[in-house]
Amino acid sequence: MRQLEDISYKHEGGRWTLPLLLAAFIAIMVLAFMVGRYPVDPITLVKILLSKILPIEADWAPQAESVVFRIRGPRILTGALIGAGLALAGLSYQSVFQNPMVSPDVLGATSGAAMGSALGLLWGWSYTETTILSFALGLAAVGLTLLIAHHVPSQPVLGMVLSGMMIGSLMNSCLSFVKLVADTEDVLPQITYYLIGSLNSVREGDLLACAIVVGLCSVLTYCLRWPLNVLSQGDEEAHSLGIPVKAIRLTSIISATLMSAMATAVAGTIGWVGLVVPHLTRMIVGCDHRRSIPASILIGSGFLVFVDTLSRSLTTSEIPIGILTSFIGAPFFIYLVIREGRRT
Amino acid sequence: MSLAVNDIHFSYDGRRPVLDGLSFSLEDGTFNVMLGRNGAGKTTLFRIILGILKAQEGCVSVNGADLAGMGARERARRIAYIPQESHPSFSYSVLTTVLMGTSASISTLASPGVAEMKRAQDALERFSISHLAHRRVDSLSGGERQLVLCARALAQDAPLLLFDEPTSKLDWANQVHSLDNIKSLTSDGHTALVAMHDIVQALNWADNIILIKDGRTWAEGSPDKVADSDLLSGFYSTPIKVGRLDGQYICMPRH
C-alpha cells in the first residue's frame, strides 16, 4: 500500500510540487505589492501588513500604507481571484467536455458578459449596475446555450458546444451593433478599452464579489474532484462506474460559468488564462483533479498577478492586461502543443 | 448474481425494432457469450442493462430486482462494464484508473480512501499488473490496457461483468489470456456476459451461449448444444461446419 501511494505521487509530479507552487504564488504576491510607480521595500511591506494584527510603530510614510491597502491591495487580490477563477473555469470546462481545447468561453459566458458591459456603458449605467448587468448576461447566455442543448439529448456534449458557439457568435454580433451605435467620442473608446481587459478600474466592492463567487465555486469544484476524474473516461464508462454524469456536468458548468462571468464583468475579456493555465497545470501535476484543482488555482492567480504587475510597471502608461496575457499565452500555448505533439 | 432479460423491446427511431422481445437469463458464476451479427442489438442491450438507454417494453432484473428503478451508483454496485477499448481524453496513471472502479462505493463528493486503495491494489495484483501502477494508461499496449480495464471492473466489486468484444482488438495470444482471465473471474463467483463474434472462442470458453438474431434470442444453450453445423449455418445464413480436434471445437466455412 505504502509503495503504491509513493509511486502515485511520483507519477503525478512529486509531493513537494503543491507546496512549491504555493511558495511561488506568495513570492509573486509580495513582488506585486512591492513593484510599481511608488516602490515599497520588503521590510516596510511586511511591517505595514503586520501592523494590522500586531502593535507595530508606524515608521513608514503614510503614502506607503495607502498604496498597499487602498491602491494595490484590492487590485492585486481581485486579480488573484480572477486568475484563479478563469483557470479553474477552464479546467472544469475542459474536464466536463472531455476536450483539452475548450476555453471558458465555450458556452458563451464571456461573450454574454462582454455584451452586458457594453450595453451598460452604452446606456450610461453606473459602474455597479454595469457589472451586475454583465454578470447577469453572462449567465443568461449560458442558460440559453443549455436550453438549446437540452433538445439534443443523444449528443449532449456536441449539442452544448455547438449551441455555445452559436450563442457566442450571436452575442458578438450584438456587441458589434452596440459598438456601431455607440458615441464614437466617449462611449466607444470605453467599450474598446473594456474589451481588451484590464484591472485598472477594479474597486473594493469587486474584491468582495469575486471573493464570494470564486471562493464558493472553488470549494464546490474541489468537492467534485473525483467525479471529474471519472468523467474523463467518457460518459458511458463514467455512468457504468456509478457517476451521476448529468448532475456532475451541470453543477460544474454552473460553477465555471459563475466564475468566468464574474471575471469578465469585473475585468473585461482576459483571454488565454482559462486555456493555457489548465494545460500548464496538467503538465506540472498531472491530470488528477485532486491535485490539478489546487494547482490551477495557484498557477492561475499567480500568473494573472504577475502579468498585471508587468502591465502596470513595464511602461509609464499602463498596458491593458488582456494584451499581455495574449502576448504571453499564445506563444506559450504553441510551445505546449508542439511539446505534446513530439511526445506522442 | 443472476440476470434476467425479460421481453425487451427497443427501437431508436420508433419504426425499426433493434430488440424485439429479447429474453434470456444467466446463472450465477457462469461464462455467458452473446453471439450475433453486426447490428443484432448486443451493444444496445448492454446500454439498456447499464441504464444508458431505456427499453420501450420489458425489463431487466438482477436477483429479481428491476434495474429500471435503480440510480447509476446502485446499478454500478451490481454491474461492471468492460468496454472494447477506452480512450479517455486525459490520461491517468494505471493506479488512478483502477481506483475509479471504486467510485460507486464512496460518496459523490468524496475521493477514494485507504479501503479503496487496498481494493485497487488487490485488483492490480490479481491481474499481475502491479508493476504498471505508475505508468500512464496511454503508454500501454492493447493487451495491458485490457487488463487495466479488467482490474478496474474487479475493483468495482460488482458480481455481474459485461464485456463488450474483449478480444476484437487483441493479438491471438492476448485473446487467449483475456478469455482465460474472464474464465477465472467466473470461477471466483462472478457472472460474465460477453459480446463477441468468434464462434470458436465462444464454443471453447463459454458455459452458455446466446444467439441473437432479429432482436430476439434465436437459440440458447451450452456449447455442446449450440455446436451444431446446421444450427449455426442457419444463424449466420452461411454454410458452417463444426468439428472437434483434440477435444476442442473448431469451425470453418463449408464450401
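Read on for a plain summary of the structure. (Residues numbered from 1 in each chain as written. Chains lettered and ligands numbered in written order. Predicted model: local features only at pLDDT ≥ 70, side-chain atom pairs only at ≥ 80, totals over all residues. Heavy atoms only, no water.)

1. Quick look at the overall build of chain B
A count of helices and strands for chain B gives nine helices and 12 strands. Compactness check: chain B gives a C-alpha radius of gyration of 19 Å against a globular reference of 18 Å for 255 residues, within 12% of the reference. Principal-axis analysis of the C-alpha atoms places the extent of chain B at approximately 55 × 45 × 30 Å. Once local pairs closer than 6 in sequence are excluded, the contacts in chain B between residues at least 24 apart make up 65%. Of the roughly 10,700 Å² of accessible surface on chain B, a fraction of 50% belongs to carbon and sulfur atoms. One finds the centroid of the 25 positive side-chain charges in chain B at a distance of 5 Å from the centroid of its 28 negative side-chain charges. (Helix = DSSP H or I, 4+ residues; strand = E, 2+ residues; numbered from the N terminus. Rg over C-alpha atoms; globule rule 2.2 N^0.38 Å. Contact = heavy atoms within 4.5 Å. Areas by Shrake-Rupley, 256 points an atom, 1.4 Å probe, with all protein chains shown as cover. Lys, Arg positive; Asp, Glu negative; His and termini not counted. Charge placed at Lys NZ, Arg CZ, Asp CG, Glu CD.)

2. Structural notes on the layout of surface pockets
Residues and elements named next belong to chain B. Counted as a void, the largest pocket has a volume near 1,300 Å³. Sort the elements by how many residues they give to the lining of the largest pocket and helix H1 (residues 42-50) lands first, with six residues. Taken together, the residues of the lining of the largest pocket sort by class into 24 nonpolar, 11 polar and 11 charged. (1 Å grid on protein atoms, 1.4 Å probe; cavity = no way out; pocket = protein on both sides within 12 Å on 5 of 7 lines; lining within 4 Å. Points joined across faces, edges and corners; volume = space filled by probe spheres on them. Nonpolar A, V, L, I, M, F, W, Y, C, P; charged D, E, K, R; others polar.)

3. Some points on the packing of aromatic side chains
Residue and element names in this part refer to chain A. Under the counting rule described, the total for this entry stands at eight aromatic pairs over all chains. Between the aromatic rings of tryptophan 272 and phenylalanine 333, the centroid separation amounts to 6.0 Å while the plane-to-plane angle is 55 degrees, which identifies the pairing as tilted. A residue pair is termed long-range when its members are at least 10 positions apart, and tryptophan 272 in the loop between helix H12 (245-267) and helix H13 (273-285) and phenylalanine 333 in helix H15 (residues 321-343) qualify at 61 residues. For tryptophan 272, a relative accessible area of 31% corresponds to the partly exposed category. (Phe/Tyr/Trp six-rings, centres within 6.5 Å; stacked < 30°, edge-to-face > 60°. Buried < 20%, exposed > 50% of the residue type's maximum accessible area, 1.4 Å probe, protein only.)

4. So, the environment of Thr325(A)
All names here are of chain A. Tracing the backbone shows threonine 325 in helix H15. Given a relative accessible area of 0%, threonine 325 falls into the buried group. Each C-alpha atom of the pair threonine 325 and leucine 304 lies 8.0 Å from the other, and the pair is 21 residues apart in sequence. In this structure, threonine 325 is in contact with Ile270, Gly271, Trp272, Val273, Phe303, Leu304, Val307 and Ala330, ignoring residues within four places of it in sequence. Separated by 3.3 Å, the side chain of threonine 325 and the backbone oxygen of glycine 271 make a polar contact. (Polar contact = N/O pair within 3.5 Å; in protein donor to acceptor, adjacent residues only side chain to side chain.)

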